[in-house]
Amino acid sequence: MAEVEIAAGGNAVLGESPLWSPREAALYWVDINNPTVHRLDPASGERRHWRIETETGSIGLAGPGLLVAGLRTGAHYLDLESGKIEAICDPEGEGRFNRNRMNDGKIDRAGRFWVGTMNDPGHAPEGTLWRIDKDGTAEPMMRGIRIPNALCWSPDSSVMYFTDSYSNEIWAFDFDLATGTMENRRVFARIPEGEGVPDGATVDADGFVWCARMFGGRVSRFDPAGAVERTVELPVPQVTSCAFGGGGPRTRFLPTPPPVPQVTSCAFGGAGLDTLYITTASLGMDRAALAEQPLAGALFAADPGVRGLAEPEFGA
C-alpha cells in the first residue's frame with residue numbers, strides 16, 4: 001500500500017479539484033464551501049490563498065498567471081496577480097441567484113472547459129454537464145444530473161469518463177476530440193454499496209482511472225476494463241479529492257454523525273508527475289469532531305508507483 005503523507009494541513013470544509021501547474025511547480029486546489037483557492041509550493045512549503053465571492057467547484061490552467069474557475073455564478077478567469085475574477089460565461093443564466101452551482105470540471109486536450117452543475121442546496125436532478133468552448137460559448141452535453149464528478153479522459157482522448165455520484169457508477173463515453181462530442185454511454189465501473197461513492201478522478205499515463213471514493217476512505221485505481229487494480233487508503237476518517245499534477249456530496253449523503261472518510265479528488269503532481277495529491281473534507285463536523293480528527297480537510301500526498309499526465313490549458 002502506498003505511504004500517505006500530509007502535504008498541507010487545514011480543515012477544508014469541502015476540499016476539491018487538485019491541479020498541478022508544471023509552469024510553477026505548484027499545486028492548486030479549492031475549498032468549495034469556504035470559497036477559497038489554495039496554492040502550495042511543495043519545494044519551499046510556501047502557501048498562498050485567494051478568497052472567492054461564491055462557491056468554487058473546480059479550477060483549470062488558463063495560461064501564465066491565470067486559472068479558469070467554475071463558480072455558482074458561472075465560469076470565470078482568476079487573475080492570480082490581482083486576485084480579480086473576470087466572467088467568461090454563465091450558462092445557468094441567473095448569476096448569483098443560480099439554483100445550480102458549478103462542481104467538478106476539467107479541460108480537454110483541445111482546450112475546452114467541461115464542467116457539471118448541481119442543485120445546491122438540495123440534490124434535485126437539475127444539473128447539466130456543460131462544454132465551454134474557447135470563445136466562451138457553452139453547450140449542454142448532458143442534463144438531469146444530481147452530482148457531477150469524475151471528469152477525465154484516456155491518454156489518447158478516445159474515451160471520456162464521467163459520473164453522477166448518485167448512480168454509484170463511473171461511465172465511459174466514446175469521445176471525439178476534434179468535435180468535442182460524447183456518445184455511447186456505458187458503465188465502466190460500479191462502486192459496491194457501502195464502499196463510498198465516486199467523486200473526483202484522473203487518468204494516469206498507463207490509461208488507468210484513479211477515482212476518489214467519498215465516504216470510502218480511499219482512492220481506487222481501475223484498469224481499462226473497470227476492475228480495481230490497487231487502492232490508496234487514507235489515514236483519517238475525513239477525506240475528499242485527488243488529481244494528477246507535477247472532484248462532492250453534501251448533507252443528504254452524510255451519515256449522522258459523519259464518522260466515515262470523506263475523500264473527494266486526486267491529481268498527479270511533482271516534477272515527474274509521480275506524486276498523487278489527494279484532497280479531503282471536514283463536511284458536517286462540529287468543533288468536537290474536528291478536535292478529535294484534526295487532519296480532516298487536509299491535503300495528502302502519496303507515491304502510487306505510476307506517473308500522471310500534464311493537464312491542458314483552457315483555450316490552448
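What counts and what doesn't
- Residues numbered from 1 in each chain as written.
- Predicted model: local features only at pLDDT ≥ 70, side-chain atom pairs only at ≥ 80, totals over all residues.
- Heavy atoms only, no water.
- Phe/Tyr/Trp six-rings, centres within 6.5 Å; stacked < 30°, edge-to-face > 60°.
- Helix = DSSP H or I, 4+ residues; strand = E, 2+ residues; numbered from the N terminus.
- Buried < 20%, exposed > 50% of the residue type's maximum accessible area, 1.4 Å probe, protein only.
- Lys NZ or Arg CZ within 6 Å of the ring centre and 35° of its normal.
- Salt bridge = Lys/Arg side-chain N within 4 Å of Asp/Glu carboxyl O.
- Core = buried A, V, L, I, M, F, W, Y, C linked by side-chain atoms within 4.5 Å.
- Contact = heavy atoms within 4.5 Å.
- Pairing = 2+ DSSP bridges.
- Axes fitted to C-alpha atoms, helices over the stretch in contact; angles between N-to-C directions.

K.L.:
Describe in detail the packing of aromatic side chains, supporting the description with residues and values.
P.N.:
This structure, assessed with the given rule, holds eleven aromatic pairs. Centroid distance Tyr28 to Trp50: 6.1 Å. Interplanar angle 35 degrees. Geometry classified as tilted. Taken together, the residues span a long stretch of sequence, with Tyr28 in strand S3 (residues 26–31) and Trp50 in strand S5 (residues 47–51) at a distance of 22 residues. With relative accessibility at 1%, the residue Tyr28 sits in the buried group. The rings of Tyr77, Phe113 and Phe314 are connected pair by pair, giving a single aromatic cluster. The ring of Trp171 carries the charged tip of Arg185 above its face, separated from the ring centre by 4.1 Å.

K.L.:
Lay out the pattern of salt bridges with the relevant residues and their values.
P.N.:
Between side chains of opposite charge, a pair can form as their charged atoms come close. Overall, the coordinates contain 14 salt bridges when judged by the stated rule. Residue Arg23 pairs with Glu313 through a salt bridge whose shortest N-O separation is 2.9 Å. Residue class for Glu313 comes out partly exposed when judged on its relative accessible area of 22%. For Glu126, the salt bridge goes to Arg99, with nearest N and O atoms at 2.9 Å. Of this pair, Glu126 sits in the loop between strand S11 (113–119) and strand S12 (127–132) while Arg99 sits in the loop between strand S9 (85–89) and strand S10 (100–107), and the two are 27 residues apart along the sequence. Note on Glu126: relative accessible area 36%, which makes it partly exposed. The network of salt bridges with shared partners includes Asp204, Asp206, Arg221, Glu229 and Arg230.

K.L.:
Describe the nonpolar core, listing the residues and the values that go with them.
P.N.:
Tyr28, Val37, Trp50, Ile59, Leu67 and Leu78 are the most contacted members of the largest nonpolar core, which totals 20 residues. For this core, the secondary-structure elements that each account for two or more residues are S3, strand S6 (56–61) and strand S7 (66–71). The leading source of residues in this core is S7, at three residues. Excluding its chain neighbours within four sequence positions, the residues that come into contact with Leu67 are Leu19, Tyr28, Val37, Ile59, Gly60, Leu61, Ala62, His76, Tyr77, Leu78 and Leu80. Ala2, Ala212, Val219 and Phe300 belong to the second-largest nonpolar core, a separate cluster that totals 15 residues.

K.L.:
Help me get a handle on the side chain of Asp133, residues and values and all.
P.N.:
Counting through the fold element by element, Asp133 comes out in the loop between S12 and strand S13 (138–145). Each residue touching Asp133, except ones within four places of it in the same chain, is listed here: Arg112 and Phe314.

K.L.:
An account of the sheet that holds strand S15 (residues 159–164) is needed here, citing residue identities and associated values.
P.N.:
With respect to topology, four strands assemble into an open sheet ordered S14-S15-S16-S17, the strand pairing being antiparallel. At either end of the open sheet lies a strand with only one pairing partner, and these are strand S14 (148–153) and strand S17 (181–190). Direction aside, the axes of adjacent strands within the sheet are offset by 25 degrees on average. Two strands pair when backbone bridges link them, and S14 and S15 are joined in this way by four bridges, in the antiparallel orientation. Bridge pairing in S15 places Cys152 opposite Tyr161.

K.L.:
An account of the environment of Ala124 is requested, with residue identities and associated values reported.
P.N.:
Its place among the elements puts Ala124 in the loop between S11 and S12. For the pair Ala124 and Trp20, spaced 104 residues apart in the sequence, the C-alpha separation amounts to 32 Å. Discounting residues that sit within four places of it in the chain, Ala124 has contacts with Asn119, Ile145 and Arg146.

K.L.:
Before we move on, could you go through the sheet that holds S12 and cite the residues and values that matter?
P.N.:
On the basis of which strands lie adjacent, the open sheet formed by four strands has the order S10-S11-S12-S13 and antiparallel pairing. Strands at the two margins of the open sheet, each flanked by one partner only, are S10 and S13. The mean angle between the axes of side-by-side strands here comes to 20 degrees, regardless of whether they run parallel or antiparallel. In terms of strand pairing, S10 meets S11 through six bridges, oriented antiparallel. By the bridge assignment for S11, Lys106 is matched with Trp114.

K.L.:
Give me the pairing of strand S18 (residues 197–203): which residues, what numbers.
P.N.:
Within S18, seven of the seven residues are buried, leaving the element largely enclosed by the surrounding structure. Sheet analysis places S18 next to strand S19 (residues 209–214), joined by five bridges and oriented antiparallel. Each residue of the ladder has a partner; that of Val203, found in S19, is Val209. The loop that links S18 with its antiparallel partner S19 comprises five residues; one of these, Gly207, has a positive phi angle of about 85 degrees.

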